[in-house]
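# A look at the structure
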Amino acid sequence: MEPYAAANVFESPFNICDDAEEDKFHSGRYAGASVVENQFFRLEIQRITGELTLTDRRTGEKLLEKACIEGLEEKRGEYIYRMDLTGRKFPAVINSVRFVENNAVYCVVEICGNVYDEAFTQKITLYADEPVVDIRNEIDWKGPRFVRIEQAFHFASDEKGKIQYGIPFGKNEYPFTMYQPDGILNDELNKDDPTWQMRLVQ
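Keep in mind the model is a prediction, meaning the values are calculated, not measured. (Residues numbered from 1 in each chain as written. Predicted model: local features only at pLDDT ≥ 70, side-chain atom pairs only at ≥ 80, totals over all residues. Heavy atoms only, no water.)

## Points about the pairing of strand β4 (residues 52-56)
For β4, a buried count of 5 out of 5 residues is recorded, marking the element as mostly surrounded by other parts of the structure. Of the two faces of β4, the one lined by L52, L54 and D56 and the one lined by T53 and T55 are each fully buried. Note that strand β3 (residues 41-46) and β4 share 5 bridges and pair antiparallel. Counted as the bridge partner of I45 is L52 from β4. Taking the residues that link successive antiparallel strands as the turn, the β4-strand β5 (residues 62-74) hairpin has 5 residues, and the phi of G60 there is positive, at about 80 degrees. (Buried < 20%, exposed > 50% of the residue type's maximum accessible area, 1.4 Å probe, protein only. Helix = DSSP H or I, 4+ residues; strand = E, 2+ residues; numbered from the N terminus. Pairing = 2+ DSSP bridges.)

## A closer look at the nonpolar core
Taken as a class, soluble globular proteins show a tendency for nonpolar side chains to be buried jointly. Core analysis: the biggest nonpolar cluster contains 24 residues, and V36, L43, I45 and I111 have the highest contact counts within it. Looking at this core, the elements with two or more residues in it are β3, β4, β5, β7 (93-102), β8 (106-115) and β9 (118-127). If near-sequence neighbours (up to four positions away) are discounted, I111 is found in contact with I45, G50, L52, I94, S96, V97, F120, T121, Q122 and I124. (Core = buried A, V, L, I, M, F, W, Y, C linked by side-chain atoms within 4.5 Å. Contact = heavy atoms within 4.5 Å.)

## Here we look at the sheet that holds β8
Strand order across the open sheet formed by 4 strands is β7-β8-β9-β10, with antiparallel pairing between neighbours. Taken across any chain shown, the strands that pair with only one partner, and hence form the sheet edges, are β7 and β10 (133-140). Averaged over all adjacent pairs, the angle separating strand axes in this sheet is 15 degrees, with direction ignored. Across 8 bridges, the pairing between β7 and β8 is antiparallel. Each bridged residue has a counterpart across the sheet, and for V97 the counterpart in β8 is I111. (Axes fitted to C-alpha atoms, helices over the stretch in contact; angles between N-to-C directions.)

## With respect to the confidence of the model for the protein chain
With 71% of its residues at a pLDDT of 70 or more, the protein chain has an overall mean of 82. Ranking the elements of the protein chain by mean pLDDT puts strand β13 (residues 170-172) last, at 54, and β3 first, at 98. Confidence over residues 198-202 falls short of pLDDT 50; this stretch has 2 contacts with residues more than four positions distant or in other chains. (pLDDT = per-residue confidence, 0-100.)

## Observations regarding the packing of aromatic side chains
Inspection of the entire model under this criterion finds 2 aromatic pairs. Seen in terms of ring centroids, F90 and Y116 are 4.8 Å apart; in terms of plane orientation they differ by 85 degrees. Their pairing is edge-to-face. In this pair, F90 is assigned in strand β6 (residues 85-91) and Y116 in the loop between β8 and β9, connecting sequence segments 26 residues apart. Exposure remark for Y116: the relative accessible area of 22% places this residue in the partly exposed category. (Phe/Tyr/Trp six-rings, centres within 6.5 Å; stacked < 30°, edge-to-face > 60°.)

## A short note on the pattern of salt bridges
Tallied over the entire structure, the rule returns 17 salt bridges. With a closest N to O distance of 3.2 Å, E44 and R42 form a salt bridge. Its relative accessible area of 22% is what places E44 among the partly exposed residues. With a closest N to O distance of 3.0 Å, R145 and D117 form a salt bridge. Taken together, the positions of R145 in the loop between β10 and β11 (147-152) and D117 in the loop between β8 and β9 put the pair 28 residues apart, joining distant regions of the chain. (Salt bridge = Lys/Arg side-chain N within 4 Å of Asp/Glu carboxyl O.)

Put into structure tokens, the structure is as follows:
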């Protein structure tokens, strides 16, 4: 896997293997995974499914495996607090996986596709000097659709994972971010909570 540089203007801190490039030489091959590495992580993206595998390069530990966007079909219901599911899951259909940004600071991979007939664009950013991976999902919602579109994080280890939901004024954990039928808003944090944060705007 060779460093991926834009017009040789700089020496890229990322190692990139664009699996789509292999199609030019072997048109009948099976599609594989595109890969990007920095000093912290190895990110693999399956071109057919869009599934993500993230490995910590410093420890060799696989952090995420088959993380993906998927649709969970709903039975309609009361959209404030009761949204039961039918049990059917709909995987994403991927149209493209592309490296759209690569410079001395960050690298961005763009995944375009659709799930439950709703188009989405996912952008994954790795940074040269930070052990951070940003995932940004945009849905072109045409609706109405009785589906819950989720970003699923499948942890590779048996250790119980923990996901926190960031809001402008603090953070909380699902399912306490959901409104309750008794009117209690569990995602409103007390300002004395050590995780409480304030955002000042003007």
